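# A structural walkthrough
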Amino acid sequence: MSLDECHIGGNVATNAGGGKAIKYGVTVRYVAGLEVITPGGEVMEVGGKLLKDATGYNLIGLLAGSEGTLGVFTRIVLRLLPVPRARTDLFCLFPAAADAIAAVPRLMTETGIVPASCEFMDREAYAAACRYLQEPEPPEDADAMLLVTLDGAEEAEVRRQARAVARLCEAAGATDLREAEDEAAAEAYWTIRRNIGKAFNAAAAFQGDEDLVVPPASIPRLVDRLRALAEQYGPAMPAYGHAADGNIHVHILPPADWTLQRWDAVLPRLLDDLYADLARLGGRISAEHGIGLKRKAHMPAVVSPVYLRSLRALKRALDPRGLLNPGKIFE
Ligand code: LAC
Ligand code: ZN
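Residues numbered from 1 in each chain as written. Chains lettered and ligands numbered in written order. Predicted model: local features only at pLDDT ≥ 70, side-chain atom pairs only at ≥ 80, totals over all residues. Heavy atoms only, no water.

## Digging into the sheet that holds strand β1 (residues 31-37)
The condition that has to hold: For two strands to be treated as a pair, DSSP must find no fewer than two bridges joining them. In DSSP terms, a helix is any run of H or I states spanning at least four residues, a strand is any run of E spanning at least two, and both are numbered starting from the N terminus. A fitted line through C-alpha atoms represents every axis, and for helices the fit uses only the stretch in contact; the resulting angles, taken between N-to-C directions, go from 0 to 180 degrees.
Taken in spatial order, the three strands line up as β2-β1-β3 in an open sheet, and their pairing is antiparallel. In the strand order of this sheet, the two ends are held by β2 (43-47) and β3 (72-78), each with one partner. Strand-to-strand twist of the sheet, defined as the mean angle between neighbouring strand axes without regard to direction, takes the value 15 degrees. As paired strands, β1 and β3 are joined by six bridges and run antiparallel to one another. Residue Val31 lies in a different strand from β3, and its bridge partner there is Leu78.

## A word on the coordination of the zinc ion (ligand 2)
The line we're drawing: Only nitrogen, oxygen and sulfur atoms qualify as donors, provided they sit within 2.8 Å of the metal or within 3.2 Å for Na, K and Ca; with water excluded from the atoms, sites may seem incomplete. Only protein chains enter the area calculation, which uses a 1.4 Å probe; residues under 20% of their type maximum are buried, those over 50% are exposed, and those in between are partly exposed.
Here the zinc ion (ligand 2) is held by His242 (NE2), His249 (NE2) and Glu288 (OE), and the distances to it run 1.9 to 2.1 Å. Taken in chain order, the donor set of the zinc ion (ligand 2) reads H-x6-H-x38-E. Linking His249 in strand β10 (residues 247-252) with Glu288 in the loop between α10 (260-280) and α11 (299-302), this pair joins segments that are 39 residues apart in sequence. For Glu288, a relative accessible area of 11% gives the class buried.

## Things to note about unusual backbone geometry
For residues besides glycine, phi is generally negative; the peptide bonds are generally trans as well. Located in the positive-phi region is Asn15, a residue other than glycine, with phi close to 50 degrees. Position of Asn15 relative to the elements: it lies in the loop between α1 (8-14) and α2 (21-24). For Asn325, which is not glycine, the phi dihedral falls at a positive 45 degrees. Looking at where Asn325 falls in the secondary structure, it is placed in the segment after α12 (305-318).

## A few points about the packing of helix α5 (residues 123-133) against helix α7 (residues 183-194)
Filter applied, for reference: Small angles under 35 degrees read as roughly parallel and large ones over 145 as roughly antiparallel, with 65 to 115 read as roughly perpendicular and the rest as oblique. Here, residues are in contact when the closest pair of their heavy atoms is within 4.5 Å. The residue classification treats Ala, Val, Leu, Ile, Met, Phe, Trp, Tyr, Cys and Pro as nonpolar and Asp, Glu, Lys and Arg as charged. All others, Gly included, are polar.
One way to put it is that α5 packs onto α7 with a least axis distance of 8 Å and a crossing angle of 100 degrees. Classified by the interaxial angle, the pair formed by α5 and α7 is roughly perpendicular. Across the interface between the two elements, Tyr126, Ala129, Cys130 and Leu133 from α5 touch Tyr189, Thr191 and Ile192 from α7. Here the contact of α5 with α7 is composed, by residue class, of six nonpolar, one polar and no charged.

## Focus on the site of ligand 1
For clarity, the threshold we go by: One heavy atom within 4 Å of a molecule or strand is enough for the residue carrying it to be called near that molecule or strand. Contacts described as polar in this section are N or O atom pairs within 3.5 Å, which, within protein, must combine one atom able to donate a hydrogen with one able to accept it, while residues neighboring in sequence count only if both atoms come from side chains. Surface exposure here means Shrake-Rupley accessible area, sampled with a 1.4 Å probe, where a residue is shielded only by the protein chains that are shown.
Neighbouring ligand 1 are the residues Met1, Arg193, Tyr240, His242, His249, Glu288 and His289. Within the side chain of His242, a nitrogen or oxygen atom sits 3.0 Å from an oxygen atom of ligand 1. Taking His289, its side chain carries an N or O atom lying 2.7 Å from an oxygen atom of ligand 1. Protein chains bury 84% of the 220 Å² of accessible surface belonging to ligand 1 in isolation.

Here is the structure:
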């Protein structure tokens, strides 16, 4: 989570998601208007200070997440929401990762509560960030944790939600449940969560960094598959992310004695297997990071030929000379 480094233009260009998508949706939901420089050099106004707009195709939906391939944003009109007045954060430790991830869809179906965030972190992911930040590591018997944020307009409502979520997590197998006593304590959990990606990036010279998404009900099956693939292929595959909306990040880390040559031989096979599983679960290869150069060869694993043809046709129609961010998203 790049809270401190990202810019609004990049957020719109990637249609960024982050930790609050389960309740608040992704960036495009808040883009009411855009001023765009088209590839032909014209200025185009799209939308505006409007909460409704059915004037032709939904170009905001097309431009948000277009990764700089269709236009350059020079003005962005955002829809704002009032900041929720009440909030609490629960940190729940589970001895079995399978129990933690299975609790995530249940949290919504059984309590009827939509959390502001529900982040899953397996032990390896959480511990890597603790080491990176020189913080104490989680207790030995914690195989995974959930960090659940609840918010609302009134304190009493948030208290009621916190009790229901705590009851459910305990019934689902959590053995330790801590509610942040104030903002600083909540921030301490979130700082660790936000540094997981950075911790792994600093830990290995070559590694995979994935941004998987499946329908939320399938998230336990995906985490299960990640563990099986790690065993089958050899690399460690710590997982963490915005589990409630179906989005899991996984770093693929080679054993210390692997050469780059061995890594280059194994990674493509591992990814082929992983993406085939994703397709079977109805998932996609990026939820919020985008396709860029890195994932474009894998697009056919999860979308149909007609879907890809439609993307190419749109690119040709709007940027016939291929000037903007050439070579990105599709071959
Ligand atoms: C995160 C970034 C990697 O969730 O998307 O930490
Ligand atoms: Zn993320």
